[in-house]
Amino acid sequence: MLQNTSEVHNSAVDLRGDHAMGFSHKNTKHHFKLLTDGGIIEVDANDKTGTETRDQIRQHLTHIASMFSADDFGMPMFIHDTVPPGVPIMKEKHRAIAYTFMPTKKGGMVRIVTHDPDALKAIHDFLAFQIKDHRTGDSVRVEKPSRIDLP
């Protein structure tokens, strides 16, 4: 049976993502939040008791925070096979954006913070694209950060 274009795209994103992240998307849940001062990239292991995937998530997200801080967005461009929306402005405004890794019980998160309005819009565009392309079902509503979201 011939797959449609979006099935082929989704499979390719999952395959490249598994390769780049070092763990299977089937063993994890990705979440993306848009916040009034930036946003969050969060990944949790499905298995609450195992530590292998949790540790791989933490290693990956630590790497992501470091790469993004160094103005390197090569990994999301590889995973999605395109330049995600927002990346050009995020690169241009990289000095106005902070990326902080924080461990969570089942994985970790990268907290993204800015006070620059153009950078904020770019971050929201980037995260909204991630929600769509990773098919997370997360809301694109912009929320205030909660106490647990603060670095």
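Source: prediction; values computed, not measured. (Residues numbered from 1 in each chain as written. Predicted model: local features only at pLDDT ≥ 70, side-chain atom pairs only at ≥ 80, totals over all residues. Heavy atoms only, no water.)

Visitor: Account for the overall build of the protein, with residues named and values stated.
Guide: Per the secondary structure count, the protein includes 5 helices and 5 strands. Expressed as a percentage of its 151 residues, the buried residues of the protein come to 42%. Of the accessible surface of the protein, which amounts to about 8,400 Å², a share of 55% is contributed by carbon and sulfur atoms. (Helix = DSSP H or I, 4+ residues; strand = E, 2+ residues; numbered from the N terminus. Buried < 20%, exposed > 50% of the residue type's maximum accessible area, 1.4 Å probe, protein only. Areas by Shrake-Rupley, 256 points an atom, 1.4 Å probe, with all protein chains shown as cover.)

Visitor: Please give an account of the packing of aromatic side chains that cites residues and values.
Guide: On inspection of all chains with the given rule, the structure shows 5 aromatic pairs. Residues phenylalanine 68 and tyrosine 99 carry aromatic rings whose centres are separated by 5.5 Å and whose planes lie at 80° to one another, so their mutual orientation is edge-to-face. Of the two residues, phenylalanine 68 is situated in helix H2 (residues 52-69) and tyrosine 99 in strand S3 (residues 97-104); the sequence distance between them amounts to 31 residues. Under the relative-accessibility criterion, phenylalanine 68 is labelled buried at 2%. Look at phenylalanine 73 and phenylalanine 126: their rings are 6.5 Å apart centre to centre, the planes differ by 75°, and that puts the pair in the edge-to-face class. Taken as a pair, phenylalanine 73 in the loop between H2 and helix H3 (74-80) and phenylalanine 126 in helix H5 (residues 117-133) lie far apart in primary sequence, 53 residues in all. Since its relative accessible area comes to 1%, phenylalanine 73 is described here as buried. Overall, the relative accessible area of 2% leaves phenylalanine 126 in the buried class. An aromatic cluster of at least three residues, connected via ring pairs, comprises Phe68, Phe73, Tyr99 and Phe126. (Phe/Tyr/Trp six-rings, centres within 6.5 Å; stacked < 30°, edge-to-face > 60°.)

Visitor: If you had to explain the pattern of salt bridges to someone new, which residues and values would you point to?
Guide: Counted under the stated rule, the structure contains 6 salt bridges. Of the charged contacts in the structure, one is a salt bridge between arginine 54 and aspartate 55, with a shortest N-O distance of 2.8 Å. Across the salt bridge formed by lysine 121 and aspartate 125, the nearest N and O atoms sit 2.9 Å from each other. Highlighted residues: lysine 121 and aspartate 125, both in helix H5, separated by 4 residues, approximately one helical turn. On the accessibility criterion, lysine 121 (52% relative accessible area) is exposed. (Salt bridge = Lys/Arg side-chain N within 4 Å of Asp/Glu carboxyl O.)

Visitor: Could you give me a rundown of the sheet that holds strand S4 (residues 107-114), with the residues and numbers involved?
Guide: The 5 strands lie next to each other as S3-S4-S2-S1-S5, forming an open sheet whose pairing is mixed. Each having just a single partner strand, S3 and strand S5 (142-143) make up the two edges of the open sheet. Each of strand S1 (28-35), strand S2 (38-45), S3 and S4 is contacted by H2, which is oriented at about 170° to S3, the strand it contacts most. Each of S1, S2, S3, S4 and S5 is contacted by H5, which is oriented at about 150° to S1, the strand it contacts most. (Pairing = 2+ DSSP bridges. Contact = heavy atoms within 4.5 Å. Axes fitted to C-alpha atoms, helices over the stretch in contact; angles between N-to-C directions.)

By themselves these figures say nothing about function.
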